[in-house]
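Residues per chain are reported as follows:
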Amino acid sequence: MPRDLRIWLGGGFILFLILVAMFAPLLAPFDPLEQDLMAATAAPGVEPGHWLGTDSLGRDVLSRLIYGTRIALTVAFVAAALACLLGTTLGLLAGYYRGWVDAMVSRLVDIWMAFPPVLLSILLVAVLGAGLTSVIIAIVVIDWTRFARVVRAETQQQARLEYAEAASALGMGHGAILWREVLPNVLPVVLVLLSLEMGIAVIVEAILSFVGLSVSTDTPTWGGMIAEGRQIIYQAWWVLVFPLGALFLTVLAFNQLGDGLRQWLDPMLKR
Amino acid sequence: MSPVIDIRNLSARSAVGPILRDVSLSVNAGEVMALVGESGAGKSTIAKAVLGILPAGIEVTGGNIFFEGTDLLALSPARLRDMLGVRIALIPQDPLTSLNPARRIGDQLTDGLRLRAGMNRKRAFDRAMSLLNDVHIREPERVLKRYPHELSGGMRQRVLIAQAFSLNPHVIIADEPTTALDVTVQKQVLRLIRDMQREHKTTLLFVTHDLGVVAQICDRMTVLYGGKVLEQGFTAQILKNPQSPYTRALLAASPRYDQPEQSLEPVPEALIAELQREISA
Amino acid sequence: MPLSIILSRALSALLTLFGVMVVVFVLVRVVPGDPISMMIAPGATDADIAALRAHYGLDLPIWQQFWVWFKQVLQGNLGTSISMKQGVITIIAQRLPATLELAIFALIMAVIWGGFIALVSTAWRGTWVERAIDNFNGIMLAVPDFIWALTFVLVLGVLVPVLPISGRSDPSIDAGLATQFYILEGLARAKFAFVWDVLKHMLLPACALAFPLAAVIGRVLKNTMMDVMVQDYITLARIKGLSSIRILLQEALRNAAVPALALTGVQFTFLIGGTVITERIFSYPGIGNLAIDAVINRDLPLIQGLVLTFGIIFIIVNMAVDALTVWLNPRLRHA
């Protein structure tokens, strides 16, 4: 049982978000798409029922915030999991086989690092066409390097250890050694990275929504709300504040969870 | 003649237990006093207490350390700092780790001359050059421009000796200054310390576990065990006629400086057990 | 450092740059969708499209297209922007100084702020000060520039409007400068009021960029300083009677700076990448903001040119960090 408070706080907040996303229709006081121009840009509490105010089209900020968790979490889990899968696989192969596989992967990572990630993701989504799938693909294509770099180094270290050699001496194949001996030892690091990556994915989605390239503008997203809030910042600060706060807390939660996991799993690694 | 260093009833303890028990010793001006004992005897703790650099977790529980009449333990850290370097200096144990790897020898050697003696850079470097000459370093000009990793261990220890003497301190504490060096270099460095000490008439507190070294350069010696003073007196007398059974055993366990081929006896376990009983009583 | 290592580093950098070019090129061409469709204005005729195709050499096989483009780039020709009808190099040269001044200002702030964090928490190690800084640092590190930028816009631009939140300088001031290096040229010509105005405009975006970097520098520098502070030469410096501040700055910081520097270099490239969205948020006229416009306008030559520019900056920064590391570490310098 981890005793680190960060794991409980971070994990607890994410669990809370998952519940909010699942029960969004029950929790949201309004239809997030319902416009009410009579009640446009109402400050929090001014119009009855609109606790967090309304945006420039009179849509309820709280309801949009609640529905926004769906996109944020979908991207966080799907994109991060796929980036993790791709990056970890390449990192394992590069770290274990060395030679030209390693040279290729390392060079690719170098090249990827030379791109500003935000620009690359915007470019990718522009090329693929806006939409949730494009956003997920963009995040996977860009962020696999985070996993590949670390897993490669970790695998190199693990493959040098005795148990890998012992397994090799027992006549285990490369695939079996990678799968059964190396992977379990690399897994804790991957888990920590995965948690951090989920936070990053949420941010990237928000950035893409902010630029106007994520999912269609009808679907409520935190990034889209932030983009609108930035435009009407002098008239209605609440349209920006609440999704920004939600984003802040979500990123912090994933991060604290990751940091907590790192400390909790670290002594296991050193054993 | 009043002693330069007068330690009275000094006691210290750590979380594990007492480290110094009621230690008293005094060192007279111009004299070389050895602090002898095995590791854990408390000799380094005494040196660190004088310098005010006891590690966290060790605290002085009683006694005084008078330096020229001032109780060092009662001084504020700022006042103690005023004394250090100028009136009390240290020759450290490990020359490899005691020089800052990122700074040139000249800059490190002139720290004291510039910051404490107020010399300008030019004068400080001239003085540093003659100091390096005194410790028999050839081409001092070039050495001043070097980084520590470019010098051998013996050279570095010479630099540290020059640094310790640079402000003509009244007392120098030498903390096992030859332990980290090659055997061949040890002798030269030891001789150098003795020569410099005689020339500057510096009072020297010499921490060591090596009775051979003690015999060569120390006027008087204090034998410590388990943080307690067992025996104190003139080196020649103690070596010839040790009073404490522990000193006797220690002598038997060390190679005789005059008879290096003699076979060695370990300190008997029964004696150690008895000492331990005595100390804890 | 031996010449062979320098050469192999340079070669590796060139190879990376080449890879960057290939990726950009392939990205905007091979991925589904006709590149020409990214360029055409609505209402273009078939003849227009064919002419455009021939103009950009898009009727050639892809590897030939790449070769043509590659040769052009080597000759310093990045083509003409479709949306701005100007040479790509000209446009970038006009906008790059703004980004460089912003990024370097942010870097300086991050180094000072991070160094300050490290020094204070090393000086007060083991007390509540250290723990408080550690916790604050954790938040600075976790939250990216995007969120900081918007938070600053909101808090310091709108709720307590003390600083400008958009643009690079007050448009009503005409400083009559010849270059786009507002700060450098402004200082050189002693137009301090103008420089002050530019700095005020830069402060919030620079803070947003600097915060995460400052947190990294602070954390790494503090950890290495803690390791250094228990070294024998620090104890000896204390016995030499040097003051605590001198020991921290002269003895410890220099030794701790070298490991921190390598990481700062990598993180600085992240900071440069961060200018893209930060410039957007603050409507700051640099190449990052320009790049987003270029993508939205589907301005292919400009996109290629800008991505290449970022790649070159990245490689230069990395090489500079390598050189600086060697210069600061006497052991490597003489090896």
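About the criteria used
- Here, residues in each chain are numbered from 1, in the same order as that chain's written sequence.
- Working convention: letters from A go to chains and numbers from 1 go to ligands, in the order in which they are written.
- Predicted model: local features are reported for residues with pLDDT of at least 70 only, side-chain atom pairs are reported and counted for 80 or more only, and whole-chain, interface and lining totals are derived from all residues.
- Side-chain numbers come from the whole structure's heavy atoms, not from hydrogens or water.
- Strands are runs of DSSP state E lasting at least 2 residues, helices are runs of H or I lasting at least 4, and numbering of each runs from the N terminus.
- By the criterion applied in these results, polar contacts are pairs of N or O atoms within 3.5 Å in which, for protein atoms, one can donate a hydrogen and the other can accept it, and in which residues neighboring in sequence qualify only through two side-chain atoms.
- Residue contacts follow a heavy-atom distance rule, with two residues in contact if any of their heavy atoms lie within 4.5 Å.
- Exposure above 30% relative accessible area and the absence of a salt bridge qualify a residue for a patch, where like charges join within 9 Å and nonpolar side chains (Val, Leu, Ile, Met, Phe, Trp, Tyr) within 5 Å.
- In short, Shrake-Rupley with a 1.4 Å probe defines the accessible areas, and a residue's cover is counted only from the protein chains shown.
- Counted as salt bridges are all cases of a side-chain nitrogen of Lys or Arg within 4 Å of a carboxyl oxygen of Asp or Glu.
- Burial status follows relative accessibility: with a 1.4 Å probe on protein chains alone, a residue under 20% of its type maximum counts as buried, one over 50% as exposed, and anything between as partly exposed.
- Orientation is described by axes fitted as lines to C-alpha atoms, over the contacting stretch for helices, and by angles from 0 to 180 degrees between their N-to-C directions.
- By definition in this entry, angles of less than 35 degrees are roughly parallel, angles greater than 145 are roughly antiparallel, angles of 65 to 115 are roughly perpendicular, and the rest are oblique.
- By convention, the crossing between two helices is left-handed when the near helix turns anticlockwise from the far helix through less than a right angle, and right-handed when the turn is clockwise.
- Just so you know the grouping, Ala, Val, Leu, Ile, Met, Phe, Trp, Tyr, Cys and Pro go in nonpolar, Asp, Glu, Lys and Arg go in charged, and all remaining residues, Gly too, go in polar.
- What a helix should span is 1.5 Å times the count of its residues minus one.
- To be clear, the arc concerns the directions from the helix axis to the C-beta atoms.
- Two parts lose some accessible area (1.4 Å probe) when they are put together, and adding that loss for both gives the buried area.
- Two strands pair under a simple rule: DSSP has to find at least two bridges between them.

Draft legend 1. Main features of the side chain of Thr110 of chain B. All names here are of chain B. For Thr110, the position within the fold is in the loop between α3 (105-109) and α4 (111-115). At a separation of 2.7 Å, a polar atom in the side chain of Thr110 contacts the main-chain carbonyl oxygen of Gly106. Aside from chain neighbours lying at most four places away, what touches Thr110 is Ala124, Phe125 and Ala128.

Draft legend 2. Just a nonpolar patch on the surface, in detail. All names here are of chain A. Together, Leu15, Leu19, Met22, Phe23, Leu26 and Leu27 make up a nonpolar patch on the protein surface, roughly 630 Å² of accessible area in all. Sorting the residues of the nonpolar patch by element identifies α1 (5-22) and α2 (24-27) as the ones contributing at least two each. A total of three residues in the nonpolar patch trace back to one element, the largest contributor, which is α1. Relative to the helices and strands, Leu27 is located in helix α2. A relative accessible area of 44% places Leu27 in the partly exposed class.

Draft legend 3. Summary view of the packing of helix α6 (residues 132-160) of chain A against helix α8 (residues 174-211) of chain A. Residues and elements named next belong to chain A. Contact geometry for α6 and α8: axes closest at 9 Å, N-to-C directions at 155°. The orientation of α6 relative to α8 falls into the category roughly antiparallel. Regarding α6 and α8, the two cross each other, and that crossing is right-handed. Residues of the contact of α6 with α8, tallied by class, amount to 15 nonpolar, three polar and five charged.

Draft legend 4. Main features of helix α5 (residues 121-134) of chain B. Residues and elements named next belong to chain B. With 14 residues, α5 ought to run about 20 Å at 1.5 Å a step, and its terminal C-alpha atoms sit 20 Å apart, in line with that. Burial in α5 covers these residues: Ala124, Phe125, Ala128, Leu131 and Leu132. The buried residues of α5 occupy an angular sector of 115° when the element is viewed end-on, so they sit on one face. Turned more than 90 degrees away from the buried face of α5 sit Lys122 and Arg123, all of them exposed. Structurally, α5 contributes buried residues whose contacts are with α3, α4, α6 (140-144) and α7 (153-165).

Draft legend 5. Structural context of the interface of chain B and chain C. At the junction of the two partners, chain B supplies 26 residues and chain C supplies 20 residues. Buried area between chain B and chain C, summed over both chains or domains, comes out near 2100 Å², and the portion from carbon and sulfur atoms is 58%. Linking chain B with chain C are two salt bridges. Here Arg103 of chain B makes a salt bridge to Glu251 of chain C, at a shortest N to O gap of 2.5 Å. Applying the counting criterion to the chain B and chain C interface returns twelve residue pairs in polar contact (both at pLDDT 80 or more). At the level of secondary structure, the elements contributing two or more residues to the side of chain B that touches chain C comprise β6 (88-91), α4 and α7 of chain B. Considering only residue class, the side of chain B that touches chain C consists of twelve nonpolar, seven polar and seven charged.

Draft legend 6. Spotlight on the interface of chain C and chain A. Contact with chain C, which involves 46 residues of that partner, is made by 35 residues of chain A. Across the chain C/chain A interface, buried area totals approximately 3700 Å², and carbon plus sulfur atoms make up 84% of it. By the criterion of area lost to chain A, the three top residues of chain C are Leu27, Phe146 and Leu154 of chain C, representing 15% of everything that side buries. Viewed at the interface, chain A and chain C are joined by three residue pairs in polar contact (both at pLDDT 80 or more). Breaking the side of chain C that touches chain A down by element, the ones donating at least two residues are α1 (3-30), α6 (128-142), α7 (145-159), α11 (244-281), α12 (287-296) and α13 (300-328) of chain C. For the side of chain C that touches chain A, the residue count by class is 35 nonpolar, nine polar and two charged.

Draft legend 7. Local environment of unusual backbone geometry. Residue and element names in this part refer to chain B. The phi torsion at Glu68 lies on the positive side, around 50°, for a residue other than glycine. Considering the arrangement of structural elements, one finds Glu68 in the loop between β4 (59-67) and β5 (70-71). Taking the relative accessible area as the measure of exposure, Glu68 reaches 35% and is therefore partly exposed. Even without being glycine, Glu176 reaches a positive phi, approximately 45°.

Draft legend 8. Representation of the sheet that holds strand β10 (residues 228-234) of chain B. Residues and elements named next belong to chain B. Spatial strand order, β6-β7-β8-β3-β9-β10: six strands in an open sheet with mixed pairing. The sheet is open, and its two borders are formed by β6 and β10, each paired with just one other strand. Ignoring which end each strand starts from, the neighbouring axes of this sheet average 15° apart. Strand direction decides the pairing type here: strand β9 (residues 220-225) and β10, joined by six bridges, are antiparallel. If you follow Met221 over to β10, its bridge partner there is Gly233. Packed on one face of the sheet, α7 meets β6 and β7 (171-175) and runs near 175° to β6.

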